[in-house]
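Okay, here's what each chain looks like letter by letter:
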Amino acid sequence: MHIFRKFNNFKIPFKSLLFIAIAILVSYQGFSQSAGLKWSNDGNSYYIVQNNSIVQYTLPQNEPKILISAAELTPKGAANPLEINYFTFSDDAQRVLLFTNTKKVWRLHTKGDYWVLNVATGSLQQLGKSLPESSLMFAKFSPDGKSVAYVSGHNIYVEDLSTSKIKALTTDGTTTLINGTFDWVYEEEFFCRDGFRWSPDSKSIAYWQIDASDTKKFYLINNTDSIYSKPIPIEYPKVGETPSSCKVGVVTVDDAKTTWMDIPGDPRQHYLVRMEYIPSSEKLLIQQLNRRQNDSKLFIAEPKTGASKVIEEETDNAWVDIYQNEHKYDIYFTNDFIWLNQGKSVLWVSEKDGWRHLFEVSLEGKKEKLITHGDYDFIDLKYVDTKNGYVYFMASPDNATQSYLYKTKLNGKGALQLVSPEELKGTHDYDVSPTGTYAVHSFSNHFTRPASELISFTTQKPVDETRSIESNLAKLQVTPKVEFFKITTEDGVDMDAWMVKPKDFDPSKKYPVVFYVYSEPASATVKDTYGAGYNFLYNGNMSEDGYIYISVDNRGTPAPKGREWRKSIYRKIGQINIHDQAMAAKEVLKWDFVDPDRVGVWGWSGGGSATLNLMFQHPEIYKTGIAIAAVANQLTYDNVYQERYMGLPQENKEDFIKGSPLTYAKNLEGNLLYIHGSGDDNVHYQNAEMLINELVKYNKQFQFMEYPNRTHSINEGEGTTEHLRTLYTNYLRAHCPPGGK
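Quick caveat: nothing in here was measured; it's all calculated off a predicted structure.

(A) Representation of the overall build of the protein chain. Across its full length, the protein chain holds 10 helices and 45 strands. Scaling as 2.2 N^0.38, a compact globule of 741 residues should have a C-alpha radius of gyration of about 27 Å, and the protein chain matches this with 26 Å. The dimensions of the protein chain, computed from C-alpha atoms along their principal axes, are 75 × 60 × 60 Å. Intrachain contacts of the protein chain at a sequence separation of at least 6 include 59% that bridge at least 24 residues. Of the roughly 29200 Å² that the protein chain leaves accessible, carbon and sulfur atoms contribute 47%. Positive and negative side-chain charges of the protein chain, numbering 79 and 90 respectively, have mean locations separated by a distance of 1 Å.

(B) Examining the packing of helix α5 (residues 576-588) against helix α6 (residues 606-617) more closely. Look at α5 against α6: their axes get within 10 Å of each other, and the N-to-C directions meet at 65°. Of the two elements, α5 crosses α6, and the hand of that crossing is right-handed. Taking contact as the criterion, the partners of Ile578, Gln581 and Ala582 in α5 are, on α6, Ala610, Asn613, Leu614 and Gln617. Across the contact of α5 with α6, the residue classes break down as 4 nonpolar, 3 polar and no charged.

(C) Region of interest: the packing of aromatic side chains. Applying the stated rule across the entire model yields 37 aromatic pairs. Ring geometry for Phe378 and Phe393: centres 5.9 Å apart, planes at 40°, overall tilted. You can see Phe378 sitting in strand β30 (residues 378-385) and its partner Phe393 sitting in strand β31 (residues 390-395), a full 15 residues away along the chain. As far as burial versus exposure is concerned, Phe378 and Phe393 are alike and both buried. Between Lys352 and the ring centre of Phe359, over which it is positioned, the NZ or CZ distance is 5.1 Å. A cation sits over an aromatic face here: Lys561 above Trp565, 4.1 Å from the ring centre.

(D) Region of interest: the sheet that holds strand β10 (residues 124-126). Pairing in this open sheet of 4 strands is antiparallel, and the strands run β7-β8-β9-β10 from one edge to the other. Looking at strand neighbours, the two that pair on one side only are β7 (86-89) and β10, the edges of this open sheet. On average, adjacent strands in this sheet sit at an angle of 30° to one another, irrespective of strand direction. As paired strands, β7 and strand β8 (residues 95-105) are joined by 4 bridges and run antiparallel to one another. What sits directly across from Tyr86, in β8, is Phe99.

(E) A look at the pattern of salt bridges. Throughout the structure, instances matching the rule amount to 32 salt bridges. The residue Arg292 makes a salt bridge to Glu651 at a minimum N-O spacing of 2.1 Å. Residue Arg292 is found in the loop between β23 (284-290) and β24 (295-301), and its partner Glu651 is found in helix α8 (residues 649-659); the two are separated by 359 residues along the sequence. Relative accessible area serves as the criterion here: at 31%, Arg292 is assigned to the partly exposed category. When its relative accessible area of 43% is taken as the criterion, Glu651 is described as partly exposed. Across the salt bridge formed by Lys382 and Asp380, the nearest N and O atoms sit 3.2 Å from each other. Because the salt bridges share partners, they merge into one network encompassing Asp316, Asp321, Glu351, Arg356, Asp377, Arg563, Arg566 and Lys567.

(F) Up close: a negative patch on the surface. A cluster of acidic residues, Glu422, Glu423, Glu465 and Glu470, forms a negative patch at the surface. Mapped onto the fold, Glu423 is located in the loop between β33 (417-418) and β34 (427-432). Assessed through its relative accessible area of 51%, Glu423 is described here as exposed.

(G) View of the sheet that holds strand β32 (residues 404-409). A sheet is described by the order of its strands in space; here 4 strands give the open sequence β30-β31-β32-β33, paired in antiparallel fashion. Edge strands, defined here as strands with exactly one partner in the open sheet, are β30 and β33. Inspection of the sheet shows β32 paired to β33 by 2 bridges, in the antiparallel sense. Its bridge partner being in β33, Tyr406 is matched across the sheet by Leu418.

(H) Representation of the state of the cysteines. Under the criterion given, the structure shown has 0 disulfides. Sulfur of Cys192: no disulfide; nearest cysteine sulfur belongs to Cys246 and is 8.1 Å away.

(I) Examining α8 more closely. If you check which residues of α8 are buried, you get Pro649, Asn652, Asp655, Phe656 and Gly659. Taken end-on, α8 shows its buried residues confined to a sector of 130°, consistent with a single buried face. Tucked inside the fold, the buried residues of α8 contact α6 and α7 (639-646).

(J) Region of the structure containing the environment of Lys76. Assignment of secondary structure puts Lys76 in the loop between β6 (63-68) and β7. Classification of Lys76 by relative accessible area gives exposed; the value is 89%. As for Lys76 and Leu124, which are separated by 48 residues in sequence, their C-alpha atoms are 8.4 Å apart.

(K) Just the UniProt feature "domain: Peptidase S9 prolyl oligopeptidase catalytic" (unreviewed entry) in the protein chain, in detail. Here, UniProt's "domain: Peptidase S9 prolyl oligopeptidase catalytic" (unreviewed entry) annotation points to residues 542-728. Helix makes up 40% of residues 542-728 and strand makes up 18%, while its end C-alpha atoms are separated by 13 Å.

(L) Inspection of the pairing of β6 at higher detail. Taken together, the 5 bridges between strand β5 (residues 53-58) and β6 define a ladder with antiparallel strand orientation. Paired with Val55 across the bridge in β6 is Ile66. Between β5 and β6, which pair antiparallel in sequence order, lie 4 residues; one of them, Asn62, sits at a positive phi of approximately 60°.

(M) Quick peek at the pairing of strand β22 (residues 270-277). Counting buried positions along β22 gives 8 out of 8 residues, so the element sits mostly inside the fold. Judged from the 7 bridges that link them, β22 and β23 form a sheet pairing that is antiparallel. Pairing of Arg274 across the sheet is with Gln287, part of β23.

(N) Structural detail: the confidence of the model for the protein chain. With 95% of its residues at a pLDDT of 70 or more, the protein chain has an overall mean of 93. Taken together, the stretch residues 1-35 has pLDDT below 50 and engages in 123 contacts with residues farther than four places along the chain or on a different chain.

(O) Geometry of the environment of Asp545. With respect to the secondary-structure elements, Asp545 resides in helix α3 (residues 542-545). Residues Asp545 and Gly740, spaced 195 residues apart in sequence, show a C-alpha to C-alpha distance of 9.5 Å. Those residues in contact with Asp545 that lie beyond four places of it in its chain are Tyr538, Arg733, Pro738 and Gly739. A distance of 2.5 Å separates a polar atom in the side chain of Asp545 from a polar atom in the side chain of Tyr538.

(P) Up close: α5. Between the first and last C-alpha of α5 there are 18 Å, a value that for 13 residues agrees with the 18 Å anticipated at 1.5 Å per step. Along α5, 11 of the 13 residues are buried, which leaves the element largely enclosed by surrounding structure. When we look at burial in α5, the residues that qualify are Ile576, Asn577, Ile578, Asp580, Gln581, Ala582, Met583, Ala584, Ala585, Glu587 and Val588. Elements that come into contact with the buried residues of α5 comprise β38 (482-488), β39 (494-500), β40 (511-516), β41 (548-552), β42 (594-604) and α6.

Conventions and cut-offs
- Residues numbered from 1 in each chain as written.
- Predicted model: local features only at pLDDT ≥ 70, side-chain atom pairs only at ≥ 80, totals over all residues.
- Heavy atoms only, no water.
- Helix = DSSP H or I, 4+ residues; strand = E, 2+ residues; numbered from the N terminus.
- Rg over C-alpha atoms; globule rule 2.2 N^0.38 Å.
- Contact = heavy atoms within 4.5 Å.
- Areas by Shrake-Rupley, 256 points an atom, 1.4 Å probe, with all protein chains shown as cover.
- Lys, Arg positive; Asp, Glu negative; His and termini not counted.
- Charge placed at Lys NZ, Arg CZ, Asp CG, Glu CD.
- Axes fitted to C-alpha atoms, helices over the stretch in contact; angles between N-to-C directions.
- Left-handed = near helix turned anticlockwise from the far one by under 90°.
- Nonpolar A, V, L, I, M, F, W, Y, C, P; charged D, E, K, R; others polar.
- Phe/Tyr/Trp six-rings, centres within 6.5 Å; stacked < 30°, edge-to-face > 60°.
- Buried < 20%, exposed > 50% of the residue type's maximum accessible area, 1.4 Å probe, protein only.
- Lys NZ or Arg CZ within 6 Å of the ring centre and 35° of its normal.
- Pairing = 2+ DSSP bridges.
- Salt bridge = Lys/Arg side-chain N within 4 Å of Asp/Glu carboxyl O.
- Patch = residues over 30% accessible without salt bridge, like charges linked within 9 Å, V, L, I, M, F, W, Y side chains within 5 Å.
- Disulfide = S-S within 2.5 Å.
- Arc of directions from axis to C-beta.
- UniProt positions renumbered as here; feature names shortened; annotations may be inferred.
- pLDDT = per-residue confidence, 0-100.
- Polar contact = N/O pair within 3.5 Å; in protein donor to acceptor, adjacent residues only side chain to side chain.
- Expected span 1.5 Å × (residues − 1).

This is the structure:
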């Protein structure tokens, strides 16, 4: 259930809806690390697009120079320069690959036109001119810089830059036989998008092929764009349905012949989630997951023969978590391996000792090495300093709502060392240059507006002290409106929470409380960042209007609290998370200033499912609910997500039934507003109709809003967002009136 909405050029995952309106970094440097900054290969400068030009800033002076002007970015005969959505340099920095005129594929704009600019001559060359407009995907320079490979129409092409000759390396691609990219579910749940890799010698390309021909089609119905309805088919594997077949091939550029890798196991009962050439090698490293996703194997494969062998295997009683760094929402994110020792080993993330830790896994049969130690979770990798023997990563051993940069020795013998400024309590992030010389450091907490600074990564000192975060801290800080606290339930479960109280809070009065929920393994809502406690769907100010606004992270959310916390939800979505949320609400209702007759709850996607379950399973607590794009029946959602966390319905269907809101709809007593887009390709609109039928069956009165042809984000079409906010706000005010009594 991953979706994105674009605000001021930032793509935000809807699994963290709470933070939508405040994700934009405010920078005293005049740039944001999330706004298209690209480091040079030597790490001593960075590039950004400004005023239709590509500008290079040289460090430490941070002096700008127009590297590629708007005039150079203007094709012959065109009036305006290309609008650059993404750019990358060849290894020798003599050519620039430009991505423009983009179109959305599922969640992200991964399809468009590509141009190449020769830096020395200033010449501008369009790629794929004989192919359909805006059809090229994931173009990449060959390592020798002489060619570019890309996908178009589910086939892989190579274009010679000196002659503009285009050569098809695959020709069998269709909407269901997909070469070099992925189907809906691989992209949605594994973040697999770019599906091919150049060999180091530029002579061949390794690629995924997905065969979704046996995957059943789900039909969305467009009733509004013509007088006759139009069915929109999507190859969508529902939970319990056999996955698409997947295999990896290596095609040689000269003769376009493919050799398929022989990976043991039924390709329709396994997933291939990582694949890459081992550095300075002709061999491939491939990660395979079984269908239940509780067994992971690493294979080394020989491209010339297809022969493969297992070098590493990991199992888990629940699921094997695949590490995906925070850049997974970037259009060019590839879930690549983290190489060590010139490709002789990889840096690996595993929960096998009860915490998410870093290991070194040898490709040569040597014993694996635990690098990070202790009762804390690794959160995200930032930099590997092989020269000095350190690894830098995000963690927060003492506060699961925050995030800090730490380092430790790569040999596994070092202590955990805090790198982030100790006095800045909250959430940090770092975008480190390729050589580890400089970094963009960003920071915020619930009372400090987001800011970023350029720092020397080795010393952690700002490049310009006058523009540093600490020097401007007084300007960034605001009066705290959010309180972070812990709730301990009668079961003894400690949960992190935040709360925003009414502006003129009077403890002698009783106020309505509104809970914001997500509660599933894909997202946590309680994070110490600026904007925590903000409800982007509410027209107005909840605090000024007199609401108490609360969010709680239950067991099963991906907080850095150890494996047991996260995986306790296995086969219990819709049960353990709902129990924890309700027990936390019971503790809140003990407060003298809370009105038990005015208790609201709302959420989107997985949070919509939780809202329904809370309304139906605990009608004695929750009086008003607003559920958006919810999974009402777990048997309707995709196999990768649902089977990972719930198992296979062929084996434990009762768990899916116990966790589905549909099962408890007959218990509705309060006020329910249900909202869904009929064009939702993620959580299908059928969930709404199944739920409506069940509520009608038991004469349960409710309010329902369908948004025709809108997707999971419900943001398409003129006036949609404002209409949704108005609907949400009016319903909440009418059925859960604000103000103290």
